Amino acid sequence: MNNQRTYLGTAKVTRRELLAGMATAAAGRAVPPARAESSGPLPTISIGPHRVTRMIAGGNPLFGYSHFSWMLDRPMRNYFTDERLVQFMLDCERAGLNTWQSNNPQPLRRQYPKIREAGCKMQWLALADTGDVGYWPCSPEKVGVAARECSKLAIACKPIAIALRGLETDFLLEQGKLEVIKDFLDHVHDLGVAAGVSAHNPAAIEAIEARGWPVDFYMACFYRVTRTEEEFQREFNLLPVGETYLASDPPRMCKVIQQTPKPCLGFKILAAGRVCQSAGDVREAFEFAYKNIKPIDATIVGMYPKFSDQIGDNAQLVRELAA
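What counts and what doesn't
Position labels on residues start from 1 in each chain and follow its written sequence. Totals for whole chains, interfaces and linings use every residue, but because this is a predicted model, local features are given only for residues with pLDDT of at least 70 and side-chain atom pairs only at 80 or more, for both listing and counting. Each side-chain value is worked out from all heavy atoms of the structure, with water and hydrogens disregarded. When DSSP finds two or more bridges between a pair of strands, those strands are recorded as paired. Put simply, DSSP H or I for four residues or longer makes a helix, DSSP E for two residues or longer makes a strand, and each gets a number counted from the N terminus. The angle between two axes is taken between their N-to-C directions and runs from 0 to 180 degrees, where each axis is a line fitted to C-alpha atoms and a helix contributes only its stretch in contact. Residue contacts are counted whenever heavy atoms from the two residues lie within 4.5 Å of one another. Relative accessibility thresholds used throughout: buried, under 20% of the residue-type maximum; exposed, over 50%; partly exposed, between the two (1.4 Å probe, protein chains only). In the analysis that follows, any N or O atom pair within 3.5 Å is treated as a polar contact, provided that within protein one partner can donate a hydrogen and the other can accept it, and provided that, for residues neighboring in sequence, both atoms belong to side chains. The rule is short: rings of Phe, Tyr and Trp, with Trp giving its six-membered ring, pair when the centres are within 6.5 Å, and they are stacked under 30 degrees, edge-to-face over 60, tilted in between. Salt bridge, as applied in this entry: a Lys or Arg side-chain nitrogen positioned within 4 Å of an Asp or Glu carboxyl oxygen. A helix's residues, less one, multiplied by 1.5 Å, set its expected span.

Caption draft 1: Representation of the sheet that holds strand β3 (residues 55–58) within the structure. With parallel pairing, 8 strands are arranged side by side around a closed barrel as β3-β4-β5-β6-β7-β8-β9-β10. Geometrically, the sheet is characterised by an average inter-axis angle of 25° between neighbouring strands, direction not taken into account. Here strand β6 (residues 161–164) pairs with strand β7 (residues 194–199) via 4 bridges, running parallel. Looking at β7, one finds that Ile162 is bridged to Ala195.

So this is what it looks like as structure tokens:
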């Protein structure tokens, strides 16, 4: 095995899962899911001067980032046409959410005006994803340049906050170049919005907190999906296939979330759909999340409402669990 850094790819889908998904798709094309009536706004927390609902709509499904495989990426991208994405935002608002979080790919730059033209007031929390400007974490210096470029691009759409993506954060931690993050935070503050840091590795949040840098909030992944092949070999003496989710990861990240006084936004609380086999599984995952984050924290939840009213169902769970 070479010594180059290799982030693991998309997860393997079993034949049974694939066939089940195809059957569901065939059965569900003609009938859109019923949408529950809103029961009012969700509980909120503060991010900078803004009030943000304790569940934020995640952006990954909107642009086909399934964290499963291309076999799910493509249907997600096909489903979320411009019109459906706008309707998704309106449905989130109707269900009581007031914020969504995403990176800033080319489709969003076309869709953002349409969201506003439809009368949607959902707040945008932007993710500085260096891939949006043609970079990939190959050197700390290039990460810094690209992250600042992402921030300048995002500010035109008036986000309430901008966070550095977790992949970049974990990379900078490994490279011993966390000072790049301090420069990013200062740059975002100079643009006039709240500055955050996303991380999959809880050690990154611990290291940044120890330095006392001006972080307004963290995005904290419940699963450390950026372990390299070398790290898996060293920690577990095994080499998994695809993106791997370990049940032992959420308690470790939640411990760090509880220890920092800053607001934290827990994401991938459903393990990118891996713990959604039943309504009971989903409820259990939400219960774990809200019992193990602070009252000043929220979650980011990606939703793909093609076959059921995930927006309304999840919003109701948050009303019950995070009041």
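And the narrative resumes.
Caption draft 2: Layout of the environment of Asn201. Locating Asn201 in the fold gives a position in the loop between β7 and α8 (202–211). Remark: the alpha-carbon pair of Asn201 and Asp170, spanning 31 residues in sequence, is separated by 6.2 Å. When residues no more than four places from it in sequence are discounted, the contact partners of Asn201 are Asp170, Leu173, Arg224 and Met253.

Caption draft 3: Structural context of unusual backbone geometry. With a phi angle near 55°, Lys158 is a residue other than glycine that sits in the positive phi range. The class for Lys158 is exposed, based on a relative accessible area of 69%. A positive phi angle is found at Ala271, which is not glycine, with a value near 55°. The class of Ala271 is buried, set by a relative accessible area of 2%.

Caption draft 4: Highlighting the side chain of Thr53. You can see Thr53 is positioned in strand β2 (residues 50–53). At 2.9 Å, the side chain of Thr53 and the backbone oxygen of Met55 are in polar contact. Each residue touching Thr53, except ones within four places of it in the same chain, is listed here: Leu42, Pro43, Thr44, Gly96, Leu97, Asn98, Thr99 and Ala298.

Caption draft 5: Just the environment of Phe80, in detail. Here Phe80 shows up in the loop between α2 (70–79) and α3 (82–94). When the C-alpha positions of Phe80 and Pro61 are compared, they lie 8.3 Å apart, and in sequence the two are 19 residues distant. Once residues lying within four places of it in the same chain are set aside, the contact partners of Phe80 are Pro61, Leu62, Leu85, Phe88, Gln111, Met303, Tyr304 and Pro305.

Caption draft 6: Expanded view of the packing of aromatic side chains. Overall, the coordinates contain 12 aromatic pairs when judged by the stated rule. Pairing Trp100 with Trp124 gives two aromatic rings, centres 6.1 Å apart and planes at 20°, and the pair type is stacked. In this pair, Trp100 sits in strand β4 (residues 99–102) while Trp124 sits in strand β5 (residues 123–128), placing the two residues 24 residues apart along the sequence. With respect to class, Trp100 is no different from Trp124; both count as buried. When the centroid spacing of 6.3 Å and the interplanar angle of 80° are considered together, the rings of Tyr304 and Phe307 count as edge-to-face. Owing to a relative accessible area of 12%, Tyr304 belongs among the buried residues under this scheme. For Phe307, a relative accessible area of 34% gives the class partly exposed.

Caption draft 7: A look at the pattern of salt bridges. Under the definition given, this model contains 14 salt bridges. Salt-bridge contacts for Arg252 lead to Glu206; the nearest nitrogen and oxygen are separated by 3.1 Å. Residue Arg252 is located in helix α10 (residues 249–259), and its partner Glu206 is located in helix α8; the two are separated by 46 residues in the primary sequence. Classification of Arg252 by relative accessible area gives partly exposed; the value is 36%. Among the ionic pairs, Lys294 bridges to Asp297, the shortest N-O distance being 3.1 Å. You can call Lys294 buried: its relative accessible area is 12%. Sharing partners across several salt bridges, the network here consists of Arg224, Arg227, Glu231, Glu235 and Asp249.

Caption draft 8: Focus on helix α5 (residues 140–154). Here α5 is 15 residues long and its end C-alpha atoms lie 21 Å apart, about the 21 Å a rise of 1.5 Å per residue gives. Three or more residues of α5 are buried, namely Pro140, Val143, Gly144, Ala146, Ala147, Cys150, Ser151 and Ala154. Turning to α5, the residues buried within the fold contact β5, β6, α6 (166–175) and α7 (179–190).

Caption draft 9: Fine view of α6. Here α6 lies mainly inside the structure; 7 of its 10 residues are buried. Packing partners of the buried residues in α6 comprise β5, α5, β6, α7, β7 and α8. Just downstream of α6, Gly176 is the residue with a positive phi angle, here 70°.

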